[in-house]
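If you want the building blocks of each chain, they are given just below.
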Amino acid sequence: MTRIAKKAVSSILLAGVASVAWASGAANADTSWNDGQMRFIVGSSAGGGFDTTARQLEAYLEEELDANLVVENHAAGGGAVGGQLTVSDDSCRTILMWGIPHLIFSYMNQETGYTYDDFAPLAQVSVDAGVIRVRNDAPWENLQELIDHARENPGEVIVSAGSFQDAYYLGTKQLEEATGVEFNIVPFGGGSEARNALAGGHADMNYAAVYNSLSIAEHTRVLGVAANTNQWPGKTNDAPTINEALGTDLPPQGPSYGIFTSAACRDNHPDRYEMLTAAVEAALHNEEYRAQLEELDELDRLSFLPADEYDAQIRDAREGLEAFARDAQD
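Residues numbered from 1 in each chain as written. Predicted model: local features only at pLDDT ≥ 70, side-chain atom pairs only at ≥ 80, totals over all residues. Heavy atoms only, no water.

1. Comments concerning the pattern of salt bridges
Argument step 1. The full count for this structure, using the stated rule, is 13 salt bridges.
Argument step 2. For R55, the salt bridge is made with D51, and the minimal N-O distance between the two is 2.8 Å. Of this pair, R55 and D51 both sit in helix α2 (residues 49–65), separated by four residues, roughly a single helical turn.
Argument step 3. Take R55: its relative accessible area is 40%, and that puts it in the partly exposed class.
Argument step 4. When its relative accessible area of 5% is taken as the criterion, D51 is described as buried.
Argument step 5. Notably, a salt bridge pairs K235 with D297, separated by 2.7 Å at the nearest N-O pair. (Salt bridge = Lys/Arg side-chain N within 4 Å of Asp/Glu carboxyl O. Helix = DSSP H or I, 4+ residues; strand = E, 2+ residues; numbered from the N terminus. Buried < 20%, exposed > 50% of the residue type's maximum accessible area, 1.4 Å probe, protein only.)

2. As for the layout of surface pockets
Argument step 1. One number sums up the size of the largest pocket: a volume of about 380 Å³.
Argument step 2. Around the largest pocket, the lining is made up of 26 residues, and of these G162, S163, D166, G190 and G191 lie nearest the centre.
Argument step 3. Looking at the lining of the largest pocket, the elements that each hand over two or more residues are α2 and α7 (191–199).
Argument step 4. With three residues, the top contributor of residues to the lining of the largest pocket is α7.
Argument step 5. By residue class, the composition of the lining of the largest pocket is seven nonpolar, 17 polar and two charged. (1 Å grid on protein atoms, 1.4 Å probe; cavity = no way out; pocket = protein on both sides within 12 Å on 5 of 7 lines; lining within 4 Å. Points joined across faces, edges and corners; volume = space filled by probe spheres on them. Nonpolar A, V, L, I, M, F, W, Y, C, P; charged D, E, K, R; others polar.)

3. With respect to unusual backbone geometry
Argument step 1. In this structure, the amide linkage connecting I100 to the following residue, P101, adopts the cis form with an omega of 20 degrees.
Argument step 2. The phi angle at D66 is positive, at roughly 55 degrees, despite the residue not being glycine.
Argument step 3. Note that D66 resides in the loop between α2 and β2 (68–73).
Argument step 4. In this structure, D238 takes a positive phi of about 50 degrees despite not being glycine.
Argument step 5. Mapping D238 onto the fold places it in the loop between β9 (220–226) and α8 (242–246).
Argument step 6. Classification of D238 as exposed rests on a relative accessible area of 59%.

4. Things to note about the pairing of strand β10 (residues 256–262)
Argument step 1. Burial analysis of β10 places seven of its seven residues in the buried class, the great majority of the element.
Argument step 2. Here strand β3 (residues 94–100) pairs with β10 via five bridges, running antiparallel. Across the sheet, M97 pairs through a bridge with I259, a residue of β10.
Argument step 3. Taken together, the seven bridges between strand β4 (residues 119–127) and β10 define a ladder with antiparallel strand orientation. (Pairing = 2+ DSSP bridges.)

5. Examining the packing of α2 against helix α11 (residues 287–295)
Argument step 1. In the contact formed by α2 and α11, the axes pass within 10 Å of each other and the chain directions differ by 160 degrees. With respect to α11, the element α2 is oriented roughly antiparallel. The handedness of the crossing between α2 and α11 is right-handed. For the pair α2 and α11, contact is made by Q56, L57 and Y60 and by E288, Y289, Q292 and L293, respectively. (Axes fitted to C-alpha atoms, helices over the stretch in contact; angles between N-to-C directions. Parallel < 35°, antiparallel > 145°, perpendicular 65-115°, else oblique. Left-handed = near helix turned anticlockwise from the far one by under 90°. Contact = heavy atoms within 4.5 Å.)

6. Side note on the environment of A307
Argument step 1. By secondary structure assignment, the location of A307 is in helix α12 (residues 307–329).
Argument step 2. The residues touching A307, leaving out its near neighbours within four places in the chain, are P121, L122, A123, Y273 and T277.

7. Observations concerning the sheet that holds β3
Either a parallel or an antiparallel arrangement is found when strands of a sheet pair, and the pairing is made through backbone hydrogen bonds.
Argument step 1. Pairing within the open sheet is mixed, and its six strands lie in the order β2-β1-β3-β10-β4-β11. The sheet is open, and its two edges are formed by β2 and β11 (302–306), each paired on a single side. Between one strand axis and the next, the sheet turns by 25 degrees as a mean value, whatever way the strands run.

8. A short note on the sheet that holds strand β7 (residues 184–187)
Argument step 1. Here we have five strands laid out as an open sheet, ordered β7-β6-β8-β5-β9, and mixed in their pairing. At either end of the open sheet lies a strand with only one pairing partner, and these are β7 and β9. Averaged over all adjacent pairs, the angle separating strand axes in this sheet is 30 degrees, with direction ignored.
Argument step 2. Relative to strand β8 (residues 205–209), strand β6 (residues 158–161) runs parallel, the two being bridged by two bridges. Among the inter-strand pairings, V159 is bridged to a residue of β8, identified as M205.
Argument step 3. Contacts from helix α5 (residues 143–152) reach β5 (130–135), β8 and β9 within the one sheet, and its direction differs from that of β9 by about 90 degrees.
Argument step 4. The strands touched by helix α6 (residues 167–179) within the sheet are β5, β6, β7 and β8, with β8 carrying the most contacts at an inclination of about 125 degrees.

9. Topic: α5
Argument step 1. Restricting attention to buried positions, one finds in α5 the residues L143, L146, I147 and A150. Buried residues of α5 fall within an arc of 95 degrees about the axis and therefore sit on the same side.
Argument step 2. Residues of α5 that are buried make contact with β5, α6, β8, β9 and α8.
Argument step 3. You can read the cap of α5 off the contacts: a side-chain oxygen lies 3.2 Å from the backbone nitrogen of Q144, and it is on N142. (Arc of directions from axis to C-beta. Polar contact = N/O pair within 3.5 Å; in protein donor to acceptor, adjacent residues only side chain to side chain.)

Take a look at the structure:
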């Protein structure tokens with residue numbers, strides 16, 4: 001991958017938690033335009049990281065919006081169907097839980113009829129650092145042993161991927177490039193399906209993330225963490241970072257989770273768009289919501305960014321992500 005792509009990818013991932021104030025009167029604003037019901041689309045299958053995050057937040061968003069949110073999972077086309085449904089609604093009645101780079105890869109790898117310019121972010125919700133997992137019975141004691149085996153046996157190590165349109169595929173390709181190995185990367189139609197493929201013995205390795213891979217932690221172990229430091233030793237078998245294990249210089253890796261609506265909503269109904277951003281921000285700072293995450297030991301994954309800062313961050317990374325997608329097609 002080109003140097004600009006690496007720099008751009010690094011800039012979008014693992015951003016720090018931002019602390020800002022939000023509009024205090026949002027909950028009391030007129031929300032009659034939404035008719036008491038809205039679509040909350042998730043760009044992945046049920047049980048995945050985006051789905052779990054959306055459902056954890058659902059009740060608190062409903063409270064702020066004074067509306068019933070109907071959660072819909074649309075994983076088809078690598079999430080592109082959910083993206084199309086979102087950008088086609090200019091009424092602001094549809095919001096989308098999805099991620100970067102997933103959104104950008106979705107239109108770079110197929111014809112979708114949209115680009116990032118057709119979306120308007122409401123907020124970044126969280127980030128989830130990447131990890132490399134293998135089964136407990138895998139023959140490799142550490143990441144270097146796995147890489148050595150893959151180098152000596154090109155195409156033998158099967159890596160389960162959700163799709164060719166997510167941060168984990170990007171991370172796997174970066175690892176290939178940095179180490180000179182060739183994996184057999186197999187898409188399984190979704191992140192949760194890819195993780196279950198590893199746990200079920202249908203793959204040798206899975207590049208996932210700290211929190212969204214905890215569901216298979218009992219049957220797997222972590223060999224490397226795609227971050228500058230391992231801040232999650234208890235959740236990652238106290239594994240070293242990938243760079244520590246291999247002597248590489250890879251950027252931090254992992255998806256940014258965000259909530260989006262259509263650019264048409266923002267442009268045609270700025271008052272409604274402001275209500276949405278205020279509601280999302282208030283829900284993310286709700287004390288009960290945060291207490292729930294703390295009880296689940298997931299509070300430290302939150303990484304709120306307001307809409308304008310998140311948009312600027314995505315646009316800064318966009319060129320590099322699109323370049324990576326083009327390179328991967330060649």
